[in-house]
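Single-letter residue listing:
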Amino acid sequence: MPTISRRSLLRSGLALSASSTVARSAWARAAALLGSDTQAGAAAETAGLRQKLLFDFGWKFQFGNGTDPAKDLGFGYGQDDFSKTGDFKFAKVGYDDSKWRTLNLPHDWAVELPFVWDEEQKSHGYKPLGRRYPDTSVGWYRREFEIPASDAGRRVAVEFDGAFRDVLVFVNGCFIGRNDNGYAPFRFDISDFLALGAKNCIVARVDASFGDGWFYEGAGIYRHVWMTKTDALHLKPLESWVRSELHGNSAALTLSATVRNQGAKAESARVTWRIVDAQGETVARAESGEQSVEADGTAEYTAKAELAGAKLWSLDEPHLYAAEVTAETGGTARDMERFRFGVRTARFTADKGFFLNDQPLKIQGTCNHQDHAGVGAALPDRLQYFRLGVLKEMGCNAVRTSHNMPTPEWVEACDRMGVMMMCETRQMSSSPEGLAQLETMIKFYRNSPSIVLWSIGNEEWHMQNDMAEEGAKVGATMVARCHELDPTRVVSAAVNGDNKQGVSDALDIIGFNYNLQFPDGFHQTHPSKALFGSETASAISTRGEYETDPLRNIVSAYDLNQPGWGETAEQWWTFYGSREWEAGGFAWTGFDYRGEPTPYGWPSINSQFGIIDTCGFPKDTFFYYKAWWGKDPVLHLFPHWNFEGKEGDEIPVWVHSNLDSVELFVNGESLGAKSVPHLGHVEWKVRYAPGAIEARGTKNGSVVLTEKRETTGPVTALRLSAERTEIDADGEDVAVVKVEALDKDGRAVPTAEHLLAFKVSGEGALIGVGNGNPNCQESDKEPQRSLFNGLAEVIVQSTKQAGAIQIEAVNQVRHQDVAPATLTITTRQVTLRPTVPEV
């Protein structure tokens, strides 16, 4: 019988900020640590060492063309391109880009494009990208910048954290290089092409015609860009690491770094390490012996250090250290870099599941793609913390980076906020490109304590079935490379099948995607293999809807629906949560995401798999997980009680709770109490009548929580609120604003669908809007949005000037007397990250 999966179904054509407290406290802790990193970077610059400059501000952008060179700056006109491009004159200082659009990075132009009803674009969210859409599939980015004469003799590199997808880079009229994948970072040393004491120009041509995955991937330079300046003798990128081994209350540190010499003669160098805690106090030091580094050569240095009274990285207390690594010659510092790391143990066992710091712990994970309402794939850093805060609030303690190397800020957020990660590469392949992507991912993130396992890929059925023999070899090569680069972590993959052959043969631990019929049998026949759910659930629901209606492309929010290959939340967690030997699992998905519209097609433009919608508004199933994953008492009553026209109809009333029992009242009359089953829920059938329903939850015989849903009146006013009302005036920070509709008594109206307009003024700008509606095709960038089941979202970003941002929301529908709402966000002056100055 063929395997039915999300991908096969799509290919066949079938088919509140609850986090405010958690996010704020975690962000405060993270900000303090970020501040210490910024101070260290400034100190290194003052000493004339390495400079890492943010290269995001002041770019110019315009569309090119995938088929017509005349619309693509003459590029690709013929094999003798110079006749039309003028020796790449677009990449020379003084080229007229006055008609180009000015913007800052990160930037995703796909989210700005209209939707097109083209079934070939379904899985990517119906956006006009690909060779059949040449006008919107190629973009050009251009930036002029100055290099001071004092940089003579230094090495200057430009580093892209990620761009989608095929990138050609030019500097001062010279072709520098290319990159052909959408997720791995890449860098070019441009030192030899720069004019010192003068203006320079860099241009990137980005072609998003080809996709890497089967989901929305964005288009453009959607992650940060950096310029790094170092001495000719410097620490080689991605080659510094720290490994720890616990001995009682102390940790033995093994330290390694590689020095590269791009100078004209050999030099004798040594490396020193300083380990600092979160307060910036020195807690350990080490140094290597001196050795010669040949011209255009490298040398590896190692050392040992003892970290007394080591503070462990854990979910509740994610203690982090920083390693300052310095390359010296003749007692003079030549280069210094700083990176964070943590001390912890992570162990998967075949009989007792997973252990963090030798304490048993169920992995309560979610899989997530990387897009968000309003901004697509180009998330400001702060939005990573916002999203992780929402997940933490429901008890999620781990995330899987489905299905690609993540952005650095997502990993950093997990490190700082105490969330584990399954870090996955995009391409399951032992080809040179596949191994290069894998190697980059591991070197980039092997110092991050949040990562507890590597994944070499997702659902490559050929590697499991008809090419099982080849798959076993590919898997063995990739796993061996993982172990070589990082012997401290286990390696797995997300496998949709029985795991009896193919790539599974080489895996350290076995991950099952769905297929609850397989793990028990596998555990019996492979008692020495640790198991976990690499991808589970695929439950589907629409926020705030309580009746499935295929004509409206909506699915009820009761935990009853899955598309055929998956499980409901209750089904999968009852399975994994009740087996001691199961390490836990990752639900598909934490957030709704663009593309893969399931279970419907057009006009749906995003999935409905999320426990949370694309804006970060929780669906009702969020509270099932919060009840059984969290530590606090939970009582969540649903649905709302606004069912005009359904008087007398039977309405299912559910409660997600971890209390002993729940009693339901309808308009003051008790419908009786019910015991809450372990890992389950309680429900009643209620004849609808306007008024109120109320749930009272008891623990040890006493009522400890109550929750009520009332029939509201019509909308009379709007309300704006933000998870933070003070943000940094750095040109990067954002505030996420929730928009609600209220009745005359100040109650949120859960069925409101009003079209609203927004005005943002002062020291900020609107960068995106959304409402979580999987069928809404309104613009993500225009200053207006309709409410969806009572909610919408506005994302505003600060300027670099301290002051205030004023936000106003106004009803756009005539003949409706709805009071507008205003909100002020204060922006505070902060020390800016070092940047490449705009010219």
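If you're wondering where the values come from, they're calculated on a predicted model, not measured in any experiment.

(A) Main features of helix 8 (residues 468–485). Here helix 8 spans 26 Å end to end across 18 residues, near enough to the 26 Å set by a 1.5 Å rise per residue. Within the sequence span of helix 8, burial applies to Ala-468, Gly-471, Ala-472, Val-474, Gly-475, Met-478, Val-479, Arg-481, Cys-482 and Leu-485. Of the surrounding elements, those touching the buried residues of helix 8 are strand 12 (241–247), helix 6 (432–445), strand 26 (451–458), helix 7 (461–464) and strand 27 (490–494).

(B) Seen up close, unusual backbone geometry. In this structure, Arg-165 follows Phe-164 across a cis peptide bond, with omega equal to 5°. Mapped onto the secondary structure, Arg-165 falls in the loop between strand 5 (155–160) and strand 6 (166–171). Positioned with a positive phi, Asn-789 is a non-glycine residue whose angle comes to about 45°. Here Asn-789 lies in the loop between strand 43 (784–786) and strand 44 (791–798).

(C) The packing of aromatic side chains, seen in detail. Scanning the entire structure with this criterion turns up 46 aromatic pairs. Ring geometry for Phe-88 versus Phe-90: centroids 5.8 Å apart, planes at 50°, classification tilted. Here Phe-88 falls in the buried class, since its relative accessible area comes to 13%. Under the relative-accessibility criterion, Phe-90 is labelled buried at 1%. Judged by centre distance (5.0 Å) and plane angle (65°), the ring pair of Trp-641 and Tyr-688 falls under edge-to-face. Note that Trp-641 is positioned in the loop between strand 31 (635–638) and strand 32 (650–657) and Tyr-688 in the loop between strand 35 (682–687) and strand 36 (692–699), a separation of 47 residues in sequence. The same class applies to Trp-641 as to Tyr-688, namely buried. Aromatic rings pair up to connect Trp-572, Trp-573, Phe-575, Tyr-576, Tyr-624, Tyr-625 and Trp-629 into one cluster. One Lys or Arg, Lys-52, reaches over the ring of Trp-226 and ends 4.7 Å from the middle of that ring. Against the face of Phe-115 rests Lys-127, its NZ or CZ located 4.0 Å from the ring centre.

(D) Looking closely at the sheet that holds strand 8 (residues 186–189). With antiparallel pairing, 4 strands are arranged side by side in an open sheet as 1-10-5-8. Each edge of the open sheet carries a strand with a single partner, namely strand 1 (51–54) and strand 8. Within this sheet the neighbouring strands show an average axis-to-axis angle of 20°, counted without direction. Strand direction decides the pairing type here: strand 5 and strand 10 (residues 225–230), joined by 6 bridges, are antiparallel. Following the sheet pairing, Phe-160 is matched in strand 10 by Val-225.

(E) Spatial organisation of the pattern of salt bridges. In total, this model carries 59 salt bridges according to the counting rule given. A salt bridge links Arg-270 to Glu-287; the nearest nitrogen and oxygen atoms lie 2.9 Å apart. Of the two residues, Arg-270 sits in strand 14 (residues 267–276) while Glu-287 sits in strand 15 (residues 282–287), which places them 17 residues apart along the sequence. For Arg-270, a relative accessible area of 22% translates into the label partly exposed. For Arg-724, the salt bridge identified is with Glu-723, shortest N-O distance 3.7 Å. Each of Glu-239, Glu-439, Lys-443, Arg-446, Arg-481 and Glu-484 takes part in a single network of salt bridges with overlapping partners.

(F) Layout of the environment of Arg-489. Relative to the assigned elements, Arg-489 resides in the loop between helix 8 and strand 27. Arg-489 sits 34 residues away from His-523 along the chain, and the two C-alpha atoms are 22 Å apart. If we ignore the near neighbours within four places in the chain, the residues touching Arg-489 are Arg-344, Tyr-445, Arg-446, Ser-448, Pro-449, Ile-451, Val-452, Trp-454, His-483 and Asp-508. At 2.6 Å, the side chain of Arg-489 forms a polar contact with the backbone oxygen of Ser-448. A polar contact of 2.7 Å, which involves the side chain of Arg-489, links it to the backbone oxygen of Ile-451.

(G) A look at the sheet that holds strand 22 (residues 359–360). The antiparallel open sheet is built from 3 strands, whose spatial order is 20-21-22. Where the open sheet ends on each side, the last strands, each with one partner, are strand 20 (346–349) and strand 22. Bridge analysis of strand 21 (residues 353–356) against strand 22 gives 2 bridges, and the strand direction is antiparallel. Bridging from a neighbouring strand, Phe-355 pairs with Pro-360 of strand 22.

(H) The arrangement of the nonpolar core in detail. Judged by nonpolar contacts, the single largest core of 91 residues is most densely connected at Leu-388, Leu-391, Val-399, Ile-456 and Tyr-625. Of all the elements, helix 11 (residues 622–629) adds the most residues to this core, at 7 residues. Aside from chain neighbours lying at most four places away, what touches Tyr-625 is Met-394, Ala-537, Ala-569, Trp-572, Ala-587, Ile-611 and Gly-630. The next biggest cluster of nonpolar side chains, apart from the first, holds 69 residues, and it includes Leu-129, Phe-186, Tyr-514 and Trp-588.

(I) Quick peek at helix 10 (residues 569–577). Along helix 10, the residues that are buried comprise Ala-569, Trp-572, Trp-573, Phe-575 and Tyr-576. Each buried residue of helix 10 lies within a common arc of 155° when the element is viewed along its axis, so the set occupies one face. Those residues of helix 10 that are buried are in contact with strand 23 (363–368), strand 28 (510–513), helix 9 (519–525), strand 29 (531–537), strand 30 (582–588) and helix 11.

(J) Seen up close, the packing of helix 10 against helix 11. Following both chains from N to C, one finds helix 10 and helix 11 inclined at 20°, their axes separated by 11 Å at the closest point. Taken together, helix 10 and helix 11 sit at an angle that is classed as roughly parallel. Pair helix 10 / helix 11 crosses with right-handed handedness. Across from Ala-569, Glu-570, Trp-572, Trp-573 and Thr-574 in helix 10, the residues of helix 11 making contact are Tyr-624, Tyr-625, Trp-628 and Trp-629. Partitioning the contact of helix 10 with helix 11 into residue classes produces 7 nonpolar, 1 polar and 1 charged.

(K) Here's a closer look at the environment of Gln-51. You can see Gln-51 is positioned in strand 1. With 177 residues separating them along the chain, Gln-51 and Thr-228 place their C-alpha atoms 5.5 Å apart. Only 3.0 Å separates the side chain of Gln-51 from the side chain of Arg-154, close enough to count as a polar contact.

(L) Highlighting the side chain of Arg-387. Among the structural elements, Arg-387 can be located in helix 4 (residues 381–393). Setting aside residues up to four positions removed in sequence, Arg-387 forms contacts with His-369, Asp-371, His-372, Leu-379, Trp-410 and Phe-591.

(M) Spotlight on the side chain of Ser-288. Within the fold, Ser-288 resides in the loop between strand 15 and strand 16 (291–293). Classification of Ser-288 by relative accessible area gives buried; the value is 7%. Dropping the residues within four chain positions of it, Ser-288 is found in contact with Arg-270, Val-271, Trp-273, Tyr-301 and Thr-302.

The rules we used
Residues numbered from 1 in each chain as written. Predicted model: local features only at pLDDT ≥ 70, side-chain atom pairs only at ≥ 80, totals over all residues. Heavy atoms only, no water. Helix = DSSP H or I, 4+ residues; strand = E, 2+ residues; numbered from the N terminus. Expected span 1.5 Å × (residues − 1). Buried < 20%, exposed > 50% of the residue type's maximum accessible area, 1.4 Å probe, protein only. Contact = heavy atoms within 4.5 Å. Phe/Tyr/Trp six-rings, centres within 6.5 Å; stacked < 30°, edge-to-face > 60°. Lys NZ or Arg CZ within 6 Å of the ring centre and 35° of its normal. Pairing = 2+ DSSP bridges. Axes fitted to C-alpha atoms, helices over the stretch in contact; angles between N-to-C directions. Salt bridge = Lys/Arg side-chain N within 4 Å of Asp/Glu carboxyl O. Polar contact = N/O pair within 3.5 Å; in protein donor to acceptor, adjacent residues only side chain to side chain. Core = buried A, V, L, I, M, F, W, Y, C linked by side-chain atoms within 4.5 Å. Arc of directions from axis to C-beta. Parallel < 35°, antiparallel > 145°, perpendicular 65-115°, else oblique. Left-handed = near helix turned anticlockwise from the far one by under 90°. Nonpolar A, V, L, I, M, F, W, Y, C, P; charged D, E, K, R; others polar.

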